[in-house]
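# Examination of the molecular architecture
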Amino acid sequence: MAETTTFSNATQILEPFRGVKRVTIEEYFTSGHRTCQGCESALVMKLMVKASGPRTIVLGSTGCMYVANTTYYTTPWVVPWMHTQLGSSGSAALGTAAGLKALMKKGKMKTEPINVIAFCGDGGGADMGLGAISATLTHKEYNSLILLYDNESYANTDIQLSGMTPYGANTTFSPPGKVKRLIHTRWKKNMAGMLAAGHPECRYVATVCASYAVEMMNKVRRALTIGGPTFIHSLDPCPKGWDYDPMLSHELGELAIETGIFPLYEVEDGQVKYYGKTKAIVEGRPRKPVREYLLKQGRFAHFIEEDLAYFQAKVDEMWEKWEIPAVVPFRRLDATKAALAAK
Ligand SMILES: Cc1ncc(C[n+]2csc(CCOP(=O)(O)OP(=O)(O)O)c2C)c(N)n1
Ligand code: SF4
Ligand SMILES: [Mg+2]
């Protein structure tokens, strides 16, 4: 019988990269994929696994990052990789982390910290798999990172709208018409804020954008170092679904942050820390008007001034009315504020 090993809930200690020149040269997501030109989600995969290093298992739910990365018996993944069902990134992360722990405990595997990362799209993660992600974030004894790559549609099946599609966007489920200009009139879910606020055992939740690559990799490294179940939400410009020239991917990522539509922050042990241009906005830098971001994308080409004004007002509200700006939408009643101040 194999000797049992004392198991600790150890994680890898991954120090942050101190600048782009210190980033390791090895790649674990290489050639062999068929994503569109300018696909930011493919860049996210590459940076995510570069940050985590070779002792990593990647699990991925159905979507562009599954299909385009594993067609015709080719794959860009250098590390072990497994496909999981569309709504199952949470279950796959938890099951794999638990399986590794059990094998190590029984002495069937060398005891060592192995990173478990499960990615999901916005359709698979924010809609279909939300329950499983939520369950995983309550299991503090298992180390895993769930990374949501958000291209704001069910892209792989031809750009259907998801709960993360922005207000008013043209998708195959919401084409603007002559009678009704806006078919999709729901506001996007606040995934990172929701998961951070609702999962007290989850020690790390962050938002990232690959336009800020070193910051993004360092948040992945922080999540894996902290351990337990962790969650990162990445906003990924998608030339096909958002309808723009592929060379604009990087710029659109920057504009999402500069307009305040997508804030960059982390919540570590309940403390909110803003990053980069989001931090500058919190400190008083003016936000760029949302029209500078929206009108560069064909999916908003049907917008008229009224739609732009509504969108702007909703983003202003995130920054001016929310108790923790752009993170948590709760507002205290004036009477409650006064009562607290009087204490
Ligand atoms: C249970 C189930 N329903 C539907 C599908 C078909 N399907 C495959 S990929 C996909 C889109 C997934 O969207 P998202 O998670 O946002 O990833 P993306 O394609 O945008 O990268 C759908 C609906 C499926 N594979 N499984
Ligand atoms: S449709 Fe969008 S997410 Fe999918 S491969 Fe193309 S650019 Fe990437
Ligand atoms: Mg998607």
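Each remark here, short or long, concerns the structure printed above.
These lines cover the structure that appears in this document, whether it is placed above or below.

## A short note on the site of ligand 2
Taken together, Thr35, Cys36, Cys39, Cys64, Asn151, Cys238, Pro239 and Lys240 make up the full set of residues adjacent to ligand 2. Of the residues that constitute the shell around ligand 2, the class distribution is five nonpolar, two polar and one charged.

## Section: the layout of surface pockets
Roughly 450 Å³ of internal volume is contained in the largest pocket. Along the wall of the largest pocket there are 28 residues; nearest its centre are Trp187, Lys188, Lys189, Ile261 and Met318. Listing elements by their share of the lining of the largest pocket, those giving two or more residues are helix 6 (191-198), strand 6 (229-235), helix 11 (291-294) and helix 12 (305-320). Of the residues forming the lining of the largest pocket, the biggest block, five residues, is contributed by helix 12. Taken together, the residues that form the lining of the largest pocket break down as 19 nonpolar, three polar and six charged. Reported here for the second largest pocket is a volume of approximately 250 Å³. Around the second largest pocket sit 18 residues that line it, and Thr35, Cys36, Cys64, Ala68 and Asn156 are the ones nearest its centre.

## What about the pairing of strand 3 (residues 115-121)?
Of all seven residues making up strand 3, seven are buried, and the element is well covered by its neighbours. Side chains Asn115, Ile117, Phe119 and Gly121 of strand 3 all project onto a buried face; the interleaved residues Val116, Ala118 and Cys120 project onto the opposite face, where all are buried too. Across five bridges, the pairing between strand 1 (residues 56-61) and strand 3 is parallel. The residue of strand 3 that forms the bridge with Gly60 is Phe119. Looking at chain direction, strand 3 and strand 4 (residues 144-150) are connected through five bridges and run parallel. When the sheet's bridge partners are listed, Ala118 is paired in strand 4 with Ile146.

Rules used in this analysis
Residues numbered from 1 in each chain as written. Chains lettered and ligands numbered in written order. Predicted model: local features only at pLDDT ≥ 70, side-chain atom pairs only at ≥ 80, totals over all residues. Heavy atoms only, no water. Near = heavy atom within 4 Å. Nonpolar A, V, L, I, M, F, W, Y, C, P; charged D, E, K, R; others polar. 1 Å grid on protein atoms, 1.4 Å probe; cavity = no way out; pocket = protein on both sides within 12 Å on 5 of 7 lines; lining within 4 Å. Points joined across faces, edges and corners; volume = space filled by probe spheres on them. Helix = DSSP H or I, 4+ residues; strand = E, 2+ residues; numbered from the N terminus. Buried < 20%, exposed > 50% of the residue type's maximum accessible area, 1.4 Å probe, protein only. Pairing = 2+ DSSP bridges.

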